[in-house]
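What follows is the residue order along each chain.
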Amino acid sequence: MSHWLIKSEPDVFSIDDLKKSPGRKTHWDGVRNYQARNFMRDGMKKGDLVFFYHSNCDTPGIAGIAKIVKEGYPDHTAFDPEDKHYDPSSTPGNPRWCMVDVKFERKLKRVISLAELKTFADSKLREFALLRRGNRLSVMPVSETHWRFILKLE
DNA sequence: GCCAACGTTGGC
DNA sequence: GCCAACGTTGGC
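For clarity, every value in this text was computed on a predicted model and none was experimentally measured. (Residues numbered from 1 in each chain as written. Chains lettered and ligands numbered in written order. Predicted model: local features only at pLDDT ≥ 70, side-chain atom pairs only at ≥ 80, totals over all residues. Heavy atoms only, no water.)

Inspection of the entire model under this criterion finds six aromatic pairs. For the ring pair Trp 28 and Phe 52, a centre distance of 5.6 Å and an interplane angle of 80° mean the geometry is edge-to-face. Pair noted here: Trp 28 is in the loop between strand E2 (25–27) and helix H2 (34–43) and Phe 52 is in strand E3 (residues 49–54), with a separation of 24 residues, a long-range link. Comparing Trp 28 with Phe 52, the two get one shared label, buried. Ring plane angle 35° and centroid distance 4.8 Å describe the contact between Tyr 34 and Trp 97, whose orientation is recorded as tilted. Note that Tyr 34 is positioned in helix H2 and Trp 97 in the loop between strand E4 (61–74) and strand E5 (98–113), a separation of 63 residues in sequence. A residue is classified by how much of its surface remains accessible, and Tyr 34, at 43% relative accessible area, is partly exposed. Positioned above the aromatic ring of Tyr 73 is the side chain of Lys 70, whose terminal nitrogen or guanidinium carbon lies 3.9 Å from the ring centre. (Phe/Tyr/Trp six-rings, centres within 6.5 Å; stacked < 30°, edge-to-face > 60°. Helix = DSSP H or I, 4+ residues; strand = E, 2+ residues; numbered from the N terminus. Buried < 20%, exposed > 50% of the residue type's maximum accessible area, 1.4 Å probe, protein only. Lys NZ or Arg CZ within 6 Å of the ring centre and 35° of its normal.)

Here we come to the environment of Trp 4. By the element assignment, Trp 4 lies in strand E1 (residues 3–8). For Trp 4, a relative accessible area of 5% corresponds to the buried category. As for Trp 4 and Trp 147, which are separated by 143 residues in sequence, their C-alpha atoms are 8.6 Å apart. One polar contact links Trp 4 to Asp 48, side chain to side chain, over a distance of 3.0 Å. (Polar contact = N/O pair within 3.5 Å; in protein donor to acceptor, adjacent residues only side chain to side chain.)

The subject of this paragraph is the side chain of Ser 8. Mapped onto the secondary structure, Ser 8 falls in strand E1. A polar contact is formed between the side chain of Ser 8 and the backbone oxygen of Phe 13, at a distance of 2.6 Å. The residues touching Ser 8, leaving out its near neighbours within four places in the chain, are Phe 13, Trp 28, Phe 52, Tyr 53, His 54 and Ser 55. (Contact = heavy atoms within 4.5 Å.)

Glancing now at the pattern of salt bridges. Across all of its chains, the model carries eight salt bridges by this definition. The closest approach of N and O atoms between Asp 42 and Arg 41, which form a salt bridge, is 2.9 Å. A relative accessible area of 45% places Asp 42 in the partly exposed class. By sharing partners, the salt bridges in this structure join Arg 106, Lys 109 and Glu 154 into a single network. (Salt bridge = Lys/Arg side-chain N within 4 Å of Asp/Glu carboxyl O.)

On to the sheet that holds strand E6 (residues 139–142), then. Pairing is mixed across the open sheet formed by six strands, whose spatial order is E2-E5-E4-E3-E1-E6. Since the sheet does not close on itself, it has two edges, and those belong to E2 and E6, each with one partner. Here the average twist between neighbouring strands, direction ignored, is 35°. Here E4 pairs with E5 via ten bridges, running antiparallel. Looking at E5, one finds that Lys 67 is bridged to Lys 103. (Pairing = 2+ DSSP bridges. Axes fitted to C-alpha atoms, helices over the stretch in contact; angles between N-to-C directions.)

Neighbouring DNA strand C are Tyr 34, Arg 133, Gly 134 and Arg 136. Protein-proximal atoms of DNA strand C, defined as those within 4 Å of the protein, fall in sugar or phosphate at a share of 67%. For DNA strand C, a base oxygen lies 2.6 Å from a polar atom in the side chain of Arg 136. The residue inventory of the surface near DNA strand C, partitioned by class, reads one nonpolar, one polar and two charged. (Near = heavy atom within 4 Å. Nonpolar A, V, L, I, M, F, W, Y, C, P; charged D, E, K, R; others polar.)

Structure representation (structure tokens):
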């Protein structure tokens, strides 16, 4: 089983929104970055656990844990001209983007802030993709070691 | 294939 | 709101 981190702006969709969603799950649509897509399409497997990260907010950080409940399949929002993430070069016959379904697992007891994570950037969390300079990836892998260490901070 | 222009992300 | 980082686009 692998571990991951996905980012979301809480003003748009927070961990609480996921918890309130029907069946406590949602499809993770709108990813329009090839590296992120490849992680979703090729890496994410049913049962994998995912850190739910809040970005672009007062206290950016890891807010909760979700689980992959459906593996990669075409992101239909790319086909919809009305959708914010419409991409005319992606068609049902030849879909370019994909999504997975994630389900609420739990909130962390407290948000583990980016600021706190950064204090370990040169030690326990060296090589953690989230802390690499200028990282803008919205989907990234988390190593076993890093996953366990971060959970211990909780 | 190069690279300037442009758009987006996301911390601060 | 600013701006650095960086991915994408498109002219050449």
